[in-house]
Every structure is written in structure tokens, then in C-alpha cells.
Amino acid sequence: MAEAVSIFGIRHHGPGSAQRLVEALDALQPVAVLIEGPADATDLLPMLGDPAMVPPVALLSYVVDDPKRASFDPFSDYTPEYQAACWGVRHGAALRFIDLPSTDSLATAKPDDEDENGDAPPPENISPIAQDPLGTLATLAGYQDGESWWAHVFEENPAPGPVFAAVADTMAALRAEAGEPDMREAAREAHMRLEIAKACKDYDGPIAVVCGAWHVPALMQRRTQSADRALLRGRPKVKVCTTWAPWTTPRLARASGYGAGVVAPGWYAHLWATRNDDNATIIWLTRIAHTLRDKGHFVSVASVIETQRLAVTVAALRNRPAPGFEELADAVIACLCEGSSTRWDSIAPILLIGSDVGAIPASVPRAPLLEDLQRQQKATRLKPEALERSLSVDLRSESGLARSTLLHRLNALDVGWGKLVATGNSRGTFGENWQLCWHPEFAVQLVENLVYGPTIAEAAAGRLMERMRHETTLGALAKLVQTALMANLERAVSFGASMLANEAALTTNCNALLQALPPMAEILRYGEARATTATHLDGLMPQMVVRAALSLPYDSRNLDAAAASELRQTLLAADRAIALAHLGNNIMAQWHQALRAVLQESAATRLITGTAARLLYEQEELSPEATTDLMARMLSPGTPIEQAAGFFEGFFDAAGQRLIHDATLREAIDTWMVTLDEEVFMNSLPLFRRVFSTFDRAERRYLLDALFTPAAKRRQGDVLIPQAATLWPAHQARVLALLDAGGLS
């Protein structure tokens, strides 16, 4: 066995290891390549050599009866196992995975103990050497961490020497100090030894074994097969399905929580792509220069040259064989970022992490999200069709709510099978209208979302939570929380509500606070239609209204045209949201007080002043007499035309019904227009046209009638009902009861 088998200890996701491994395989020309990985996924291993398989990808294994119990084994271009599989496909060598099958590992793993990548935490009382062997070596060599040591000794070293022999000797010395492995590690290594022995019987010729460096001494150890079988006897099993799924470069980063991840996937991808290029450092610096220029920073060729020289010098001072990404980053900050790390930090994620997404061939078996979708389509009786069709759902029925929930969850995953359309004549809270149309690419989009979870509910929650983590504006964050509520994702709702509360506590910008109110009001008002609690936000929205009310008079001062227009639209939407949410008399009183403060603020932009006056007038918080006095002051001949026009637009824009039925307002505006001289009037005509263009044809006709038709003639068709004042309250109560019963109020 010892003569026929060559064991190559590698570091997962190491471009240097991958390059040396390919060189070793070329020299050995094995008839079989055995790779550390779940043995029950061997049939999928040759798919890595398919040209349509674009890394990063991950081997996904999940329990059939409980898809939440899943594990991922990622592969990138520079993963040695991936290169070994591709070498085997190119040279016709047999390929096998030899680690414990996923039926075993998923049976013994507890779902609650796994991180988002499916990695189990290290066992308790494990030796520090066994937990981080590279870190131990790095400490002895004077490095800060194991990755830096490995990178400079193996990955970035142009002449590392006999790598695999050195790795085997080093790991043997470390394992001698670490003691016996835990039961799971012992079972894994026993299974790999048995698989190696089986391959020796099945194949004549050299056999290559590719495994993590830590396992090399154990696999070279001579142990009886009966002893190894005894370690595996009686271990639990579960039914597992295995497939390939697209992966992303950020998920290869250690910062994502992936235990075998690397600090800088983008840098390692660069090392692999330029492994045979003597200008690798220059190519990297060129990418940095292009990225900085794309961000609007000036970068000269001379500065790039000086950066390269400084990086080489720093590497020499640090006793490194070649500049690594740390030396290059220090040189870039000094020469291209004017000594400021802030500029470098703005582009570092683009370069060091990246945003690539893998792709898998069409021949790959169906992924769990597609299976989950098929189950839910059957349960909700929704058949995917290529032609557009309309679907109306009643949220008060169990089937309607289930259909709505599924479509909202798919939209959260950017799978637009159904699009929510206008409700037409229905203004209720218990109905939705959808336009359905299935496209084949939706299946691909679902598979791409496997990184967020193996079921539609888990993936939608994970995707929304990921977006919430990166969202910095209150309005957009509140809309994400609303989306989570519509999709009945309680975990995402709780997470988003917590983030919303934290962000609101740190926000003093009035516009940002106001933008968050409409979606929050929708949540509080319409959450009952989905049987989803919105208790997370019950106390938050009143607090945000109060804070926005305190900031409004100050944030309305001295705005330019664009900022004033934006604040006006936000103010109108927020006022509707506050009224919709029924927050109580105290909150409404503070909101109205803020609007009055805007009227009294002399530096307030007049567009906002007019809007605040209109809102107060419509809610009967400003009497007709006070409104007339305010308009006379704001529209007086002594007021600059720009300010008067701003107030005019703020008050009257889209307020046709108010002008038609309020004679006092018409009289005030008529008085103001009569006082304008001809030149000022002509200059104001574009404003008048813009304001009155928002009136529809009927409103313009009624307004002309109100202005030029005598009052007696307008009332000729009116019929006065006897005792109308007595009859109206009962009629009003009946109408409101009907509206409430239909969910229309």
C-alpha cells in the first residue's frame, strides 16, 4: 500500500497548494485520485470537470426529511480538491470521495450547533494544536496568524521546495503533541483509511490521496482494517440528498463564518490566475489603480510604480519572499491613498473579497429549493405557467393566505413568478391581485439563493436579513421589514424591527425618519390581515413621530428646490401614515404642533410652509380665518415672488377639491392675484399652469362654475331634505359600519 499510494497534504482553498498538487499529479500520473469529501457524493465528483461548472460552487448535502439540516463543501478555482478533480477528468483517472458519508455526518450533527455554512463547532476540550495547527506553527515562527504563515511559506513563495514531504513531517510532529483525536475525527480518518485500502484492491497503479494536511500522518499510519471498522460500527444514519449549488466569493471569506475560509478570497483568486506570470504584483496594483479611478480618485502611473517599489522593500524588511496583500495594502495606502486608510477601506472589499457567483450545469440534480417550491405549488394548487394570468386571493381564507405568502417569499428572493398589481376598485385590506407568469430562469435564481437556506422560508428570511444588514436608510429598512411581514417571516420581522429600532435611535435626520413612517403604518394597520404580530413596532412608530416632529421645524429651513420638493412629498406621505396608524391624541397633538412651528419659522422654505398650512387646514387645526390671514401675509405684494410662489404651490398643488368647495380660499387667492402687476403676473403664469395642470377636466370645470356661476343658479338643482341634520348621524354610522365590515375603512 505504501508504495502504491501517495498522500498529498493540502490547505483547503490554497492556490499554492493547488499549483504544487497539479505539478505532483503530472509527475505521478495516478490511475485513481482519492479526495477528502463525503463518500456518498462520489457520483457527483466528475461534474467538477464539466466546462459549464463555474466556481465557486458548493457540494450541498441535506437531510431529505429535514432540509434545514444541511452542509456545504465549497470549491473555488484555487481549491486543491477542485484542481485534483479537474485533473482526474482530463486524464481519465478514477475519482472518489473518501471521507465519512454525509448520511453519517448529518446524522450526528445538531442543526442548532451549525453555523450558516453548515460547519459544526469544534468539540469541547479539543487540543489547541488540533484546533488550529497552522496557528501553532505561525506563533512559533513569529507570525500573527496561521494564514499569514502559510501564505508566505507556501502560497507566495516562488521556491517552496519539497512541500508535501515537509507538510507531512510538520503535521506528524504537531500530532505527537496534540494527543489522540476526538471520536468524530478518529471515525473520519478510519473511514478514509478503509477507502484507501479498498482503492488499492480495485486499481493497479499509482493512487493519489488529496486531504487536509492535518490528516496526513493518520492516513500514513498502519492500522488493522478490523480496528477501523470497529470505530465506524453502530454510527447513526439518515437519508440524505446531495447536489451542487452556486456559491459566492464572500462566502469563501473567513469573515462570513466559514471555518475553512480565507481572509482574502479575491487575493487568492489573483494568485491562482497569475501563477505563471512574473508580473503578478504589477497586475494587482493595476487593478487597484483602475478601482480607485472608477471611484473618482486621481492615480498616476508614477505613483503606481512607486507603490510597487515600496511593496518590494517592505516585503524585504519583513523577511518575506515576495509582497503579500498586506505589504501591497500598506504601500497602496502610503502612495495612492495619501496615507489615509479610509480610501483603501472603501475599495478593499471589492478587491480582497469580490462578488463572483458560481454557476452549475443543467445536468445537476434538483436542488432543495426547487423541491420545496414543487411541494408548495402542489399544496397551494398554483401551477407554473408560461403565459400571464391574473390571480385574486382573499387573505381571510387559509388557501388565499398560503398563496400570498408563497408569492411574497419568492419576491423576497427576487423570483418574480407573481407581481402584485393595483387592486382596481377594491380598497380593502383583505384582498390582493397578482399577475403570474413563470420563466425558466426562475429555477436558476432559486438555486442561487441556496446560500441563504435550503427551504423557501429559510432562504427568504436569510436573504432579507442579509439586505437588512447592509441597509443604511430608515425608509428602505422599514420597507424590508414590511416585506418580511407580508411573507410571514417572523424571524426576519424580529431581526428587522430590532435593526430599525437601533437605526432610528441613531438617526436625527427628519427626512429619514419621515420616510420610514408609511411602511411602518402599513405594517401596523394591515398586519392583522395576515395573522402576523407587529408588536415589535407598536412602540417604535410613536417614538419616531415625536422625534421627526421635533426635527421638522429645523430641517425645513433654507432648503434648495430639489431638497424642498423631496421633503414635501415625504411630509405628505408621512402625514397620511400617521393618520392611518391611529397613534392616539397625544401623538397627533405633537405632530400638529410641529406643523404649526413650521408656520412660525421665518427661515422655513415656503414650499414646506404652504404644505404644513394645507395639512393643518384640512385637519381643521387651522381655522378659515387664520388661514386667510396666513395667506394674506404669505402672498402679500411685499413678499418676494419666489417665496409667494413656493407657498402657493405647497398649499394648492393637487388640492383641486379644496379650492372648488372652499369659498374663503378662493377669495384669498383671488385677492392676491388681483394685486399682482402685469409683469409679476406674467412671470407667475408657469407656476399657475403647473399647479392647475394637476386638476382633472371635471375639477377645472367645477372650479370655473364656482368662480363665474351665480350662487343662486348653482343651487337650483339642490334639494333640501327635511330634518337632514337629524337623519345624517344614523346614516353616517350605517355607512361606516359597512366599510368596516368589508375591510374598506
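Residues numbered from 1 in each chain as written. Predicted model: local features only at pLDDT ≥ 70, side-chain atom pairs only at ≥ 80, totals over all residues. Heavy atoms only, no water.

**Structural notes on the pattern of salt bridges**
Pairs can form between side chains of opposite charge once their charged atoms are near each other.
1) Next: Under the definition given, this model contains 21 salt bridges.
2) Next: We note a salt bridge from Glu-327 to Arg-318, for which the minimum N-O separation is 3.2 Å.
3) Next: Here Glu-327 falls in the buried class, since its relative accessible area comes to 0%.
4) Next: Across the salt bridge formed by Glu-621 and Arg-596, the nearest N and O atoms sit 2.7 Å from each other. In this pair, Glu-621 sits in the loop between helix H26 (606–618) and helix H27 (624–634) while Arg-596 sits in helix H25 (residues 585–600), placing the two residues 25 residues apart along the sequence.
5) Next: One salt-bridge network, in which partners are shared between bridges, spans Glu-36, Asp-99, Arg-184, Glu-185 and Arg-188. (Salt bridge = Lys/Arg side-chain N within 4 Å of Asp/Glu carboxyl O. Buried < 20%, exposed > 50% of the residue type's maximum accessible area, 1.4 Å probe, protein only. Helix = DSSP H or I, 4+ residues; strand = E, 2+ residues; numbered from the N terminus.)

**What to know about helix H7 (residues 163–178)**
1) Next: The end-to-end C-alpha distance of H7, which contains 16 residues, comes to 22 Å, matching closely the 22 Å that a straight helix rising 1.5 Å per residue would cover.
2) Next: Burial in H7 covers these residues: Val-163, Phe-164, Val-167, Ala-168, Met-171, Leu-174, Arg-175 and Ala-178. Along the axis of H7, the buried positions cluster into a sector of 135°, meaning they face one direction only. Among the exposed residues of H7, those oriented more than 90 degrees off its buried face are Asp-169, Ala-176 and Glu-177.
3) Next: Phi for Gly-179, located one or two positions after H7, is positive at around 90°. (Expected span 1.5 Å × (residues − 1). Arc of directions from axis to C-beta.)

**Quick notes on the side chain of Ser-61**
1) Next: Among the secondary structure elements, Ser-61 is positioned in strand E3 (residues 57–63).
2) Next: There is a polar contact of 3.5 Å between the side chain of Ser-61 and the side chain of Thr-242. (Polar contact = N/O pair within 3.5 Å; in protein donor to acceptor, adjacent residues only side chain to side chain.)

**Some words on unusual backbone geometry**
1) Next: Note the cis peptide between Pro-55 and Pro-56, where omega equals 5°.
2) Next: Residue position: Pro-56 is located in the loop between strand E2 (32–38) and E3.
3) Next: Even without a glycine there, the phi angle at Glu-620 is positive, about 60°.
4) Next: A residue is classified by how much of its surface remains accessible, and Glu-620, at 72% relative accessible area, is exposed.

**Digging into the confidence of the model for the chain**
1) Next: With 89% of its residues at a pLDDT of 70 or more, the chain shows a mean pLDDT of 83.
2) Next: With pLDDT under 50 throughout, residues 114–118 is counted as low confidence; its partners more than four residues away or in other chains account for 16 contacts.
3) Next: Contacts from residues 424–428, a stretch scored under 50 in pLDDT, to residues over four places away or in other chains number four contacts. (pLDDT = per-residue confidence, 0-100. Contact = heavy atoms within 4.5 Å.)

**Some words on the sheet that holds E2**
1) Next: Pairing in this open sheet of four strands is parallel, and the strands run E1-E6-E2-E5 from one edge to the other. Two strands lie at the open edges of the sheet, namely strand E1 (5–10) and strand E5 (94–99), each paired on one side alone. Going across the sheet, the axis of each strand differs from the next one's by a mean of 30°, ignoring polarity.
2) Next: Relative to E5, E2 runs parallel, the two being bridged by five bridges. Counted as the bridge partner of Val-33 is Leu-95 from E5.
3) Next: The strands that helix H8 (residues 183–202) touches are E1, E2, E5 and strand E6 (207–212); relative to E5, the one it contacts most, it runs at about 155°. (Pairing = 2+ DSSP bridges. Axes fitted to C-alpha atoms, helices over the stretch in contact; angles between N-to-C directions.)

**Quick word on the side chain of Thr-570**
1) Next: Assignment of secondary structure puts Thr-570 in helix H24 (residues 561–581).
2) Next: Given the relative accessible area of 9%, Thr-570 is considered buried.
3) Next: A polar contact is formed between the side chain of Thr-570 and the side chain of Asn-511, at a distance of 3.2 Å.
4) Next: In this structure Thr-570 touches Asn-511, Leu-514 and Gln-515, once residues within four positions along its chain are discounted.

**Focus: the packing of helix H21 (residues 490–506) against helix H23 (residues 540–555)**
1) Next: Two numbers describe how H21 lies on H23: the axes approach to 11 Å, and their chain directions differ by 20°. Here H23 runs roughly parallel to H21, going by the angle between their axes. The crossing of H21 and H23 is left-handed. In this structure, H21 uses Ala-497, Leu-500, Ala-501, Ala-504, Ala-505 and Leu-506 to contact H23, whose residues at the interface are Leu-540, Met-544 and Arg-547.
2) Next: Partitioning the contact of H21 with H23 into residue classes produces eight nonpolar, no polar and one charged. (Parallel < 35°, antiparallel > 145°, perpendicular 65-115°, else oblique. Left-handed = near helix turned anticlockwise from the far one by under 90°. Nonpolar A, V, L, I, M, F, W, Y, C, P; charged D, E, K, R; others polar.)

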